[in-house]
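# Analysis of the macromolecular model
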Amino acid sequence: MYVQLFGCEEVKVDELFIGPIGENAEIEDEGNHGNDETRLFILSSLAQSQMSRVACILCEEPMLVFDRYPLVDGSFFLSPKQHSTGCIEVKYEGRPLFLTCVCMACLDGLSTNRVINCRFCGEIWDGSNLVLGTMYSYDIFAAMPCCAERLKCNNCFKLLLHPQQRLNFYSDYSHCVTCPYCATQDTHFVKPLSFCYTKSNVVRHQSIA
Ligand SMILES: [Zn+2]
Ligand SMILES: [Zn+2]
Ligand SMILES: [Zn+2]
């Protein structure tokens, strides 16, 4: 079985995988946090679209963008899919991607209306470990698949990975992959948020009073 990464040689599945869940838990640092290149990229992208603020894709609250770090009271990330109409298209390392933002309150999930969980396995999405005020170059929702539903082809719904296997890097889930069953090329691991998540009515971190 083969999956094909965008712009790469066809890669054998066995070479891509690192193993069962939990073995690749180390944080991938792509070196783009807090550097001037990232800062200028975001500011010039927003300026081109004449935007001085952005909206959180989860709660839709507007967020100001500053010209110094931290750039925003939340985190930017680049997704190959447009999660909301407010996410502008940008070119990053030659790829068309969408500049997307999640506010700090939604990343931390501190209030009941800001917690989302997987519609399939129920796991609560937790963005509290993400670096604030900067940008991830991959889709942060696709990066940590919670269950097998997240590993299926968007066209034929067959599993692209063994349910227990995970890709080497968080960014691998944002790459274009060819389904070995139906040959559809897509960023299969990046799925619409409304397909994957539902608003939860629980508080993620119960405060101990
Ligand atoms: Zn929010
Ligand atoms: Zn799940
Ligand atoms: Zn398929």
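- In the annotation of an unreviewed UniProt entry, the protein chain is listed under the name (Mediterranean fruit fly) hypothetical protein and assigned to Ceratitis capitata.

## Thoughts on the coordination of the zinc ion (ligand 1)
- The zinc ion (ligand 1) binds to the protein through Cys-56 (SG), Cys-59 (SG), Cys-103 (SG) and Cys-106 (SG); the donor distances cover 2.3 Å.
- The site at the zinc ion (ligand 1) holds 4 donor atoms, and with the angles between them running 105 to 114°, its shape is tetrahedral.
- Each donor residue of the zinc ion (ligand 1) lies on the same chain, and together they follow the pattern C-x2-C-x43-C-x2-C.

## A look at the sheet that holds strand S6 (residues 74-79)
- Read from one edge of the open sheet, 4 strands run S7-S8-S6-S10, paired in mixed fashion. Unpaired on one side and paired on the other, strand S7 (88-92) and strand S10 (135-136) mark the two borders of the sheet.
- Of the strand pairs in this sheet, S7 and strand S8 (residues 95-103) are connected by 5 bridges, and their pairing is antiparallel. Looking at the pairing, Tyr-92 lines up with Arg-95 of S8.
- Helix H2 (residues 36-48) contacts S6, S7, S8 and S10 of the sheet and is inclined by roughly 140° relative to S7.

## As for the packing of aromatic side chains
- Under the criterion given, the structure shown has 8 aromatic pairs.
- Taken together, a centroid distance of 5.7 Å and an interplanar angle of 65° make the contact between Phe-77 and Phe-141 edge-to-face. On the criterion of sequence distance, the pair formed by Phe-77 in strand S6 and Phe-141 in the loop between S10 and strand S11 (165-167) is long-range, its members being 64 residues apart.
- Ring centres of Phe-141 and Tyr-197 lie 5.8 Å apart, and the angle between their planes is 65°; this geometry places the pair in the edge-to-face category.

## What about the coordination of the zinc ion (ligand 3)?
- At 2.3 Å from the zinc ion (ligand 3) lie its protein donor atoms, namely Cys-153 (SG), Cys-156 (SG), Cys-179 (SG) and Cys-182 (SG).
- Here the zinc ion (ligand 3) binds 4 donor atoms, and the angle range of 107 to 115° at the metal identifies the geometry as tetrahedral.
- Here the donor residues of the zinc ion (ligand 3) are spaced in sequence according to C-x2-C-x22-C-x2-C. Taken together, the residues Cys-156 in the loop between S10 and S11 and Cys-182 in the loop between strand S12 (177-178) and strand S13 (185-186) connect sequence positions 26 residues apart.
- The partly exposed category is assigned to Cys-182, whose relative accessible area is 27%.

## A few points about H2
- A rise of 1.5 Å per residue sets the reference length of H2, with its 13 residues, at 18 Å; its end C-alpha atoms lie 18 Å apart and thus fit the reference within 8%.
- Every buried residue of H2 is listed here: Thr-38, Arg-39, Phe-41, Ile-42, Ser-45 and Leu-46. All buried residues of H2 lie within an arc of 165° about the axis, which places them on one face of the element. Projecting away from the buried face of H2 at angles above 90 degrees are the exposed residues Glu-37, Ala-47 and Gln-48.
- Buried residues belonging to H2 abut strand S4 (53-55), S6, S7, S8 and S10.
- Here H2 starts with a cap whose side-chain oxygen sits 3.4 Å from the backbone nitrogen of Glu-37, and that cap is Asn-35.

## Quick look at the nonpolar core
- In this structure, Leu-58, Phe-76, Leu-99, Val-102, Trp-125, Ile-140 and Phe-141 are the most contacted members of the largest nonpolar core, which totals 39 residues.
- Elements with a contribution of two residues or more to this core: H2, S6, S7, S8, helix H3 (104-108), S10 and helix H4 (193-196).
- At 6 residues, the largest contribution of residues to this core is made by S8.
- Filtering out sequence-adjacent residues up to four positions away, Phe-141 remains in contact with Ile-57, Leu-58, Phe-77, Val-102, Ile-116, Trp-125, Arg-150, Leu-193 and Tyr-197.
- The next biggest cluster of nonpolar side chains, apart from the first, holds 11 residues, and it includes Cys-153, Leu-160, Tyr-173 and Phe-189.

What counts as what
- Along each chain, residues carry numbers from 1 onward, in the same order as the chain's sequence is written.
- Labels follow written order: the first chain is A, the first ligand is 1, and so on.
- Residues qualify for local features only when their pLDDT is at least 70, as the model is predicted, and side-chain atom pairs are given and counted only at 80 or more; totals for whole chains, interfaces and linings, by contrast, use all residues.
- Heavy atoms throughout the structure, all of them, feed into the side-chain values; hydrogens and water do not.
- Counted as donors are the N, O and S atoms within 2.8 Å of the metal, or 3.2 Å for Na, K and Ca, while water is not among the atoms, so some sites may look incomplete.
- Note on geometry labels: four donors, all angles 85 to 135 degrees, give tetrahedral; four donors become square planar and six octahedral when opposite donors are over 155 degrees apart and every other angle is between 65 and 115; remaining cases are irregular.
- One requirement defines pairing of two strands: DSSP has to find at least two bridges between them.
- The way it works is that DSSP assigns letters per residue, a run of H or I at least four long becomes a helix, a run of E at least two long becomes a strand, and they are numbered from the N terminus.
- By the convention used here, residues are in contact when the closest approach between their heavy atoms is within 4.5 Å.
- For helices, the fitted axis covers only the stretch in contact; all axes are lines through C-alpha atoms, and the angles between them, taken along N-to-C directions, range from 0 to 180 degrees.
- Two rings from Phe, Tyr or Trp (for Trp, the six-membered ring) form a pair when their centres are within 6.5 Å of each other. A pair whose planes differ by under 30 degrees is stacked, one over 60 is edge-to-face, and the rest are tilted.
- Summary of the burial criterion: residues with accessible area below 20% of their type's maximum are buried, those above 50% are exposed, and those between are partly exposed, where the area comes from a 1.4 Å probe applied to protein chains only.
- By definition here, a helix of n residues has an expected span of 1.5 Å times n minus one.
- What the arc measures is the spread of directions leading from the helix axis to the C-beta atoms.
- We define a polar contact as two N or O atoms separated by no more than 3.5 Å, with the added condition that, inside protein, one atom must be a possible hydrogen donor and the other a possible acceptor, whereas residues neighbouring each other in sequence contribute only through side-chain atom pairs.
- The term nonpolar core refers to a set of buried residues drawn from Ala, Val, Leu, Ile, Met, Phe, Trp, Tyr and Cys, joined through side-chain atoms within 4.5 Å.

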